[in-house]
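Summary of structural features
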2 protein chains.
Amino acid sequence: MSTHPLSSSPQVLAFDVFGTVVDWHSGIVRELKLLRPEADGNAFVLAWRAGYQPAMRRVMSGELGWTLIDDLHRLILDGLLEQFGLGDLSEAQKQHLNKAWHRLDPWPDVVAGLTRLKKRYTLCTLSNGNIGLLTNMARRGALPWDCILSAEVFRAYKPDPATYLGVAKVFDLDPAQVMLVAAHQDDLAAARACGLQTAYIERPAEFGATRPKDVSPDPANSMHARDFLDLATQLGC
Amino acid sequence: MSTHPLSSSPQVLAFDVFGTVVDWHSGIVRELKLLRPEADGNAFVLAWRAGYQPAMRRVMSGELGWTLIDDLHRLILDGLLEQFGLGDLSEAQKQHLNKAWHRLDPWPDVVAGLTRLKKRYTLCTLSNGNIGLLTNMARRGALPWDCILSAEVFRAYKPDPATYLGVAKVFDLDPAQVMLVAAHQDDLAAARACGLQTAYIERPAEFGATRPKDVSPDPANSMHARDFLDLATQLGC
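This text gives an overview of the structure that appears in the document. Bear in mind the structure is a predicted one, so any value in this text is a computation, not a measurement.

Observations regarding the overall build of chain A
- Scanning chain A for helices and strands turns up eleven helices and six strands.
- Taking 2.2 N^0.38 as the reference for a compact globule, 237 residues should give roughly 18 Å; the C-alpha atoms of chain A span a radius of gyration of 18 Å, in line with that estimate.
- Each principal axis of the C-alpha distribution contributes one length, and for chain A these read about 55 × 35 × 30 Å.
- Sequence separation of at least 24 residues holds for 64% of the intrachain contacts in chain A that already meet a minimum separation of 6.

Digging into the sheet that holds strand 5 (residues 197-201) of chain A
Residues and elements named next belong to chain A.
- Taken together, the six strands give an open sheet; going across it, the order is 3-2-1-4-5-6, and neighbouring strands pair in parallel fashion. In this open sheet, the two strands that pair with only one neighbour each are strand 3 (147-150) and strand 6 (223-225). For this sheet, the mean angle separating the axes of adjacent strands, direction not counted, is 25°.

Considerations on the interface of chain A and chain B
- Tallying the contact residues gives 13 residues for chain A and 13 residues for chain B.
- Ranked by residues supplied to the side of chain A that touches chain B, first place goes to helix 7 (residues 131-141) of chain A with five residues.

Digging into the sheet that holds strand 2 (residues 122-127) of chain B
Residue and element names in this part refer to chain B.
- Spatial strand order, 3-2-1-4-5-6: six strands in an open sheet with parallel pairing. Edge positions in the sheet fall to strand 3 (147-150) and strand 6 (223-225), since each of these pairs with one other strand and no more. Shown here is a sheet whose adjacent strand axes are inclined to one another by a mean of 25°, direction ignored.
- By the bridge criterion, four bridges tie strand 2 to strand 3 in an arrangement that is parallel. In the sheet register, Cys 124 faces strand 3, and the bridge partner there is Cys 147.

Some points on the relation of the copies chain A and chain B
- The operation relating chain A to chain B is a screw motion whose rotation component is 180°, with 0.0 Å of axial translation and a residual RMSD of 0.0 Å. Both copies of the chain, as the preceding transformation shows, are related through a two-fold rotation axis.
- Comparing interface residues between copies, 100% of those in chain A also lie at the interface in chain B; the contact surface is shared.

Here's the deal with the pairing of strand 5 of chain A
Residues and elements named next belong to chain A.
- Of all five residues that make up strand 5, five are buried, and the element is covered over most of its length.
- Judged by which residues are buried, strand 5 turns out to be covered on both faces: Gln 197, Ala 199 and Ile 201 on one side and Thr 198 and Tyr 200 on the other are all buried.
- In this view, the connection linking strand 4 (residues 178-182) to its parallel neighbour strand 5 by way of helix 10 (residues 185-193) has right-handed handedness.
- Note: strand 5 against strand 6, three bridges, orientation parallel. Within strand 6, the position partnered with Ala 199 by the bridge is Met 223.

Notes on helix 4 (residues 69-80) of chain A
Residue and element names in this part refer to chain A.
- For helix 4, with twelve residues, the first-to-last C-alpha span of 17 Å sits near the 16 Å given by 1.5 Å per residue.
- Taken residue by residue, helix 4 has Ile 69, Leu 72, His 73 and Leu 77 as its buried positions. All buried residues of helix 4 project into a common sector of 135° when viewed along the axis, lining one side.

Regarding unusual backbone geometry
All names here are of chain A.
- Residue Pro 159 is bonded to the preceding Lys 158 through a cis peptide linkage, with omega at 10°.
- Mapped onto the secondary structure, Pro 159 falls in the loop between helix 8 (151-154) and helix 9 (161-170).
- A positive phi angle, close to 55°, is found at Ala 142, a residue other than glycine.
- With respect to the helices and strands, Ala 142 occurs in the loop between helix 7 and strand 3.
- A positive phi angle, near 55°, is found at Arg 155, a position not held by glycine.
- You can see Arg 155 is positioned in the loop between helix 8 and helix 9.

Calculation rules
- Residues numbered from 1 in each chain as written.
- Chains lettered and ligands numbered in written order.
- Predicted model: local features only at pLDDT ≥ 70, side-chain atom pairs only at ≥ 80, totals over all residues.
- Helix = DSSP H or I, 4+ residues; strand = E, 2+ residues; numbered from the N terminus.
- Rg over C-alpha atoms; globule rule 2.2 N^0.38 Å.
- Contact = placed C-beta atoms within 7 Å.
- Pairing = 2+ DSSP bridges.
- Axes fitted to C-alpha atoms, helices over the stretch in contact; angles between N-to-C directions.
- Least-squares fit on C-alpha atoms with pLDDT ≥ 70 in both.
- Buried ≥ 20, exposed ≤ 12 C-beta atoms within 10 Å, placed from the backbone.
- Right-handed = clockwise from strand over helix to strand, strands pointing away.
- Expected span 1.5 Å × (residues − 1).
- Arc of directions from axis to C-beta.

Set out below in structure tokens:
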């Protein structure tokens, strides 16, 4: 379902990654199970992910200096270890667990959808994840990005306008020639405020089976798509 | 011919682009010929390229603020237009000609070599070209990069150590786990001074048929390869 006709065709599609491209919930649950089969993986991953926005706010407020997401993930993880019975992990095990965010699987429609979209559009990430994380994830999941863009390139996290406008600037385009693709209405709203086109992707299982997600359309978006295959069809690919 | 055994296997191969991956000489000659069949393409491209290092030095000395290569190319081009009878080009034609650097072809061994290398190594660019230029070039030439790194990411041009060390930092590796691949001994020497491994690639036609290039080995490099296929073989791919 397209919410309204596109004002003009975008040239670059910029993708949010965590939740939109990859399934962080089941990925982290799976990695914890390898270490601690008896632990409550669902509670663990929701707590880890819940620390993400507050940690980025500490950086953007200036309380912390510029920090990569790998390091923010580790800060948050260190605060959860005791609570989840992980206090006895070795340093190497902690580092490995922290990089579980590099080893998340794409949703099943992603590779086929991106492959169709790539024929016609330049595809980049626009994630708060760091470049190394996003590159490792892309190699592992065979994600055919043309370019990895990230908070690390712009030295600002989404929803800072420098990130959305930064994509347009990298490609020497008007903001309206870039479309942000995301499963999060707040990310899309911030992109829209910068003049980007926006496509919402339904990811009803983003938070796992126990926490269903509202995936209803917002007519302010340029497009609303079930998944990347639906997006490709709507974009004529 | 491998000059000496590798101290340890690299994990990331970072590629210089202009001259190493793509043939800028014949690409720019071709584009000029489309505009002015009678112009001296060889003299034009050599003059345009000769302005590149001095222009970057003006940025690194602080005389110019941070400037993308697209804009430096344009500065240099504007200084050459009259001399080469291009003063009557429209602004749109000048912009199109300036972006000829986005439309350079890879050397014939490149795509096959990178495809073999990609199975085992993470492949990134490390170029003074801007991200948009490198991404457009990669789409056009089907260059299978895992990640586009550039002076634009590090806000410094090669041979600034921030660029070579920046690649290692992006991937959370020691410098010795990164190998710079380049057709230029000065670039490789600067990378080596930062602790990177280095591979020299012979590109005897880099400056065109009228200006043969010295491609003799420097034993200081970790490897010396005829082309990317030879590099892949030496690296066990």
